[in-house]
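Descriptive structure summary
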Amino acid sequence: MMSESMRRFFVFLAVALAVLSFDGAARTIADLFAIEPGNIFPLLTRTNRLDMVDYYNSGQIVEVPNNLMGGSSLLELDSAYLKVKTSEGRIVEMRMRTAGKDTVITVIETVMTPVPDSRLTQWNVHWQRYTSDRLFQMPGIDDFIVKKMSPDTRADLQTVMVFPLIQLTFKGERHDIIEATHGLEQFLAPVEYKRFAEYFKPSISYRFDGLKIKPVKK
């Protein structure tokens, strides 16, 4: 029977060969997860990540120890998408896609504050970040407003909303839609939220358009 150390070696070797054989374009999202240099997954060693993928592929979701002495687990995985709970207060989603000749990794990091708050970044297969703001504009609370507020109501909202909390997550069977939701209902007391609920749509959807991520027009 193969020892644990030999198993890890062959898993690592398979990932390395897969990445090299594609001229810098990795075969699956699991390959990219394994070689991420620590900007997204500073708490997880490469061995941690390989173990998580190995467990998941064998039908198990197992918590592995991270560098904060906590537990991390791989929750979802297919060839182009994964979802990782890196700690009790942080979820990371990654979606690999093709844009022209480029392979792009779109990453959503969500922290629980305890109301979820997200940020989105995009990277190439060498884990170099696309920094242009023209590729995606993070929505603000104003983007959810569908009904004109009176000046007094607007002033009241600004008073009770210390800072906007926007959650992003991938949706759809192929995880090719990004849904943005605001956290006002969770952030405000029910009696406060009721005053503003009629002015807001519950969510905004986005689709990939080449390198760009654009809101879906309704």
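Reading guide: rules and limits
- Residues numbered from 1 in each chain as written.
- Predicted model: local features only at pLDDT ≥ 70, side-chain atom pairs only at ≥ 80, totals over all residues.
- Heavy atoms only, no water.
- Pairing = 2+ DSSP bridges.
- Helix = DSSP H or I, 4+ residues; strand = E, 2+ residues; numbered from the N terminus.
- Axes fitted to C-alpha atoms, helices over the stretch in contact; angles between N-to-C directions.
- Buried < 20%, exposed > 50% of the residue type's maximum accessible area, 1.4 Å probe, protein only.
- pLDDT = per-residue confidence, 0-100.
- Contact = heavy atoms within 4.5 Å.
- Salt bridge = Lys/Arg side-chain N within 4 Å of Asp/Glu carboxyl O.
- Core = buried A, V, L, I, M, F, W, Y, C linked by side-chain atoms within 4.5 Å.

Time to look at the sheet that holds strand 8 (residues 166-171). Reading across the sheet, the four strands line up as 8-9-10-11 and stay open at both edges, with antiparallel pairing between neighbours. Bordering the open sheet on either side are strand 8 and strand 11 (212-215), each of which pairs with just one other strand. Taken over all neighbouring pairs, the strand axes of this sheet differ in orientation by 30° on average, direction set aside. Of the strand pairs in this sheet, strand 10 (residues 203-209) and strand 11 are connected by four bridges, and their pairing is antiparallel.

Strand pairs in the sheet, formed through backbone hydrogen bonds, run parallel or antiparallel to each other. One open sheet holds the seven strands; their spatial order is 1-2-3-4-5-6-7, and the pairing between them is antiparallel. The two strands at the open ends of the sheet, each matched to only one other strand, are strand 1 (64-65) and strand 7 (129-130). Bridging between strand 4 (residues 90-99) and strand 5 (residues 102-112) involves ten bridges; their strand directions are antiparallel. Bridging across to strand 5, methionine 94 finds its partner in valine 107.

Another aspect to go through is the pairing of strand 3 (residues 81-87). A large share of strand 3 lies buried, amounting to five of its seven residues. Bridging between strand 2 (residues 71-77) and strand 3 involves four bridges; their strand directions are antiparallel. Bridge assignment links leucine 77 to a residue of strand 3, and that residue is leucine 82. Where strand 2 folds back on strand 3, the antiparallel hairpin that results is connected by three residues.

Per-residue pLDDT for the chain has a mean of 88; in total, 88% of the residues score no lower than 70. When the criterion is pLDDT under 50, residues 9-25 qualifies, and its contacts beyond four places in sequence or with other chains add up to 21 contacts.

With that out of the way, let us pick up the pattern of salt bridges. Evaluated as defined, the whole model comprises eleven salt bridges. Across the pair glutamate 88 and lysine 85 runs a salt bridge whose closest N-O atoms are separated by 3.3 Å. Classification of glutamate 88 as exposed rests on a relative accessible area of 68%. Look at lysine 85 and you get buried, because its relative accessible area is 16%. For glutamate 109, the salt bridge identified is with arginine 119, shortest N-O distance 2.9 Å. Of this pair, glutamate 109 sits in strand 5 while arginine 119 sits in strand 6 (residues 116-123), placing them ten residues apart in sequence. Looking at arginine 119, the relative accessible area reads 39%, which means it is partly exposed.

Turning to the nonpolar core, a few remarks are in order. Within the largest apolar cluster, 23 residues are counted, with the highest numbers of intra-cluster contacts made by Ile178, Leu184 and Phe200. Listing elements by their share of this core, those giving two or more residues are strand 8, strand 9 (177-182), helix 6 (190-196) and strand 10. In contact with isoleucine 178, other than residues within four places in its own chain, are Thr106, Ile108, Leu120, Leu168, Thr169, Phe170, Ile204, Ser205, Tyr206, Phe208 and Ile213. In terms of nonpolar packing, the next biggest core, distinct from the first, is built from 22 residues, Ile29, Ala30, Ile40 and Val125 among them.

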